[in-house]
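A structural walkthrough
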Amino acid sequence: MNPLATIGRFAIAFLQRIGAVAFFASRAVSHCVRPPFYLRHVGLQMMEIGYYSLPVVGMTALFTGMVLALQSYTGFARFSAEGAVATVVVVSITRELGPVIAGLMVAGRIGASMAAEIGTMRVTEQIDALHTLSTNPMKYLVAPRIIAGAAMLPLLVLVADIIGVFGGYIVGVYKLDFNAGTYLKQTFDYLEVMDVVSGLVKASVFGFIISLMGCYHGYNSDGGAQGVGRATTNAVVSASILILVFNYGITEIFFSGR
Amino acid sequence: MATPKISIRGLKKRFGSKIVLDGVDLDIGVAESVVVIGGSGTGKSVLLKCILGLLEPEDGSIKIDGQEVVGMRGREREAINTKFGMLFQSAALFDSMRVWENVAFGLIAAQKLPKAEAKKIAIEKLGQVGLPPQTGELYPAELSGGMKKRVGLARAIATQPEIIFFDEPTTGLDPIMSDVINDLIVECVHVLGASALSITHDMASCRKIANRVAMLYQGKIIWDGPVAQIDHSNNPFVDQFIHGRAEGPIRMQIPV
Ligand SMILES: Nc1ncnc2c1ncn2[C@@H]1O[C@H](COP(=O)(O)OP(=O)(O)OP(=O)(O)O)[C@@H](O)[C@H]1O
Ligand SMILES: [Mg+2]
């Protein structure tokens, strides 16, 4: 076995996959901006992504904020910088942890269900049936999910930001004995608009990635129940990895100059 | 001669190294009902999917009303697809929708009918396939296999398409219901003037609904003629098939 040939084969397969995803994405986006629009479906997906994900995202944000306050307090105590706890909590939540944690949770919840639903429709020929009923499945199934994903994640992250900061506040005030007024003041004094905005931009990109991966893997699934299972796993894994990769990229774009 | 509704020439389709269609030639005239027969797994369903553009053939030509459709994409393809109605072998009902919404889907999507009106037509079509109006409120998961098939049929004919494909319309139905469905298919062709391409293993149904019969064997149409001549085809393959004999030129591949 020639190791170079193996590496080459992998590289080609990898590039092919990227090309296929990019092609799918461009088709999906072009259907998002051309009529007809299935507004009812967009609404339903928004409910599913935004509203029904609230409990999961809220819980994770709450405990993330809490543990963040606790950890930074014990860590900063080593060089008597306890006063920075509130600022550290709010900046980390809005810039990083809010979007990433919400993104990963929603990837597990929504990415999986999209891949399973569309994958099942593929293997039971329901997508073929859509074609024969003069309905473009890219427009009918994929576009509403992409729009809803990119639109709802920022709202979800905004809520996660607030709950996360609140979690930090609870630990700060009730456990670490900060003064409530001082903690709040420190929270908002050093917070910049860009911190929140960058987090929301990330959220929108993550929402797009989650829907795209869910739809792509579902749409291209084959081989019955096993194929749908594979599609579901692939959707969650690839969305999670892409979220972390893009998270780094977007951070680089927003903050590298400063 | 008038342009046929569908004209297929040299159609080839393979999956990997497995050749399924190997140069199919077939014409379907206006208001003509053609039945394709052939062994299980010979590529009958694949043939329908190629015509519908759901599968991309490797080679050959498919003309609908004289217009080449192989390789056609996007808007153009969607426009052509409004001419078709298709009953899938597996029915392929939308399981997230009620039965009546399934039947009304094409009416709402393609003909932009208001919901109430589409529902009325859907209930009427359900009646034609022998399903009571209450069935309309059920979900596909709550139906029996034969009922699903009939809903699929109602969905295929609801928009009164010019060309209708029936993939095994009577499989899974009792003999009486089969005959009701046969009558309905005949009515679609004779009264509504649709062109029909059906697949069936049910020779009684074939004799009733077909104007013309074509037999697919090893990727080619090996015999094609009026239904009245099917018993005098002088083709040993056709003879063996319509009489359902295990002995003959067609050898089922059964590993010994
Ligand atoms: N998507 C696919 N991928 C790979 N092979 C396929 C695919 N679809 C069909 N085939 C193969 O093509 C051949 C023809 O399949 P098709 O479904 O057309 O058979 P058929 O003539 O309709 O049979 P039946 O009467 O049992 O429905 C089969 O051997 C099948 O294995
Ligand atoms: Mg078949």
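Definitions and cut-offs
Residues numbered from 1 in each chain as written. Chains lettered and ligands numbered in written order. Predicted model: local features only at pLDDT ≥ 70, side-chain atom pairs only at ≥ 80, totals over all residues. Heavy atoms only, no water. Helix = DSSP H or I, 4+ residues; strand = E, 2+ residues; numbered from the N terminus. Contact = heavy atoms within 4.5 Å. Buried area = accessible area lost by both parts, 1.4 Å probe. Nonpolar A, V, L, I, M, F, W, Y, C, P; charged D, E, K, R; others polar.

Residue and element names in this part refer to chain A. Going from P35 to P36, the amide bond is cis rather than trans, its omega being 0°. Mapped onto the elements, P36 comes out in the loop between α1 (3-33) and α2 (39-51). Its identity as a non-glycine residue notwithstanding, S80 has a phi of 45°, on the positive side. The phi dihedral of D177 is positive, around 60°, even though this residue is not glycine.

Right, let's talk about the environment of A:F254 for a bit. All names here are of chain A. If you trace the backbone, F254 turns up in helix α9 (residues 224-255). A C-alpha to C-alpha distance of 9.8 Å links F254 and V197, two positions 57 residues apart in sequence. Excluding anything up to four places from it in sequence, F254 contacts M194, S198 and V201.

Before going further, it helps to spend a moment on the interface of chain B and chain A. Of the residues lining the interface, 21 residues belong to chain B; the matching set on chain A comes to 16 residues. Looking only at chain B, the three residues that lose the most surface to chain A are B:L54, B:F94 and B:F105, adding up to 26% of its buried area. Elements represented by at least two residues in the side of chain B that touches chain A include exactly α1 (44-52), α2 (74-81), β6 (84-87) and α3 (99-109) of chain B. Taken together, the residues of the side of chain B that touches chain A sort by class into 12 nonpolar, four polar and five charged.

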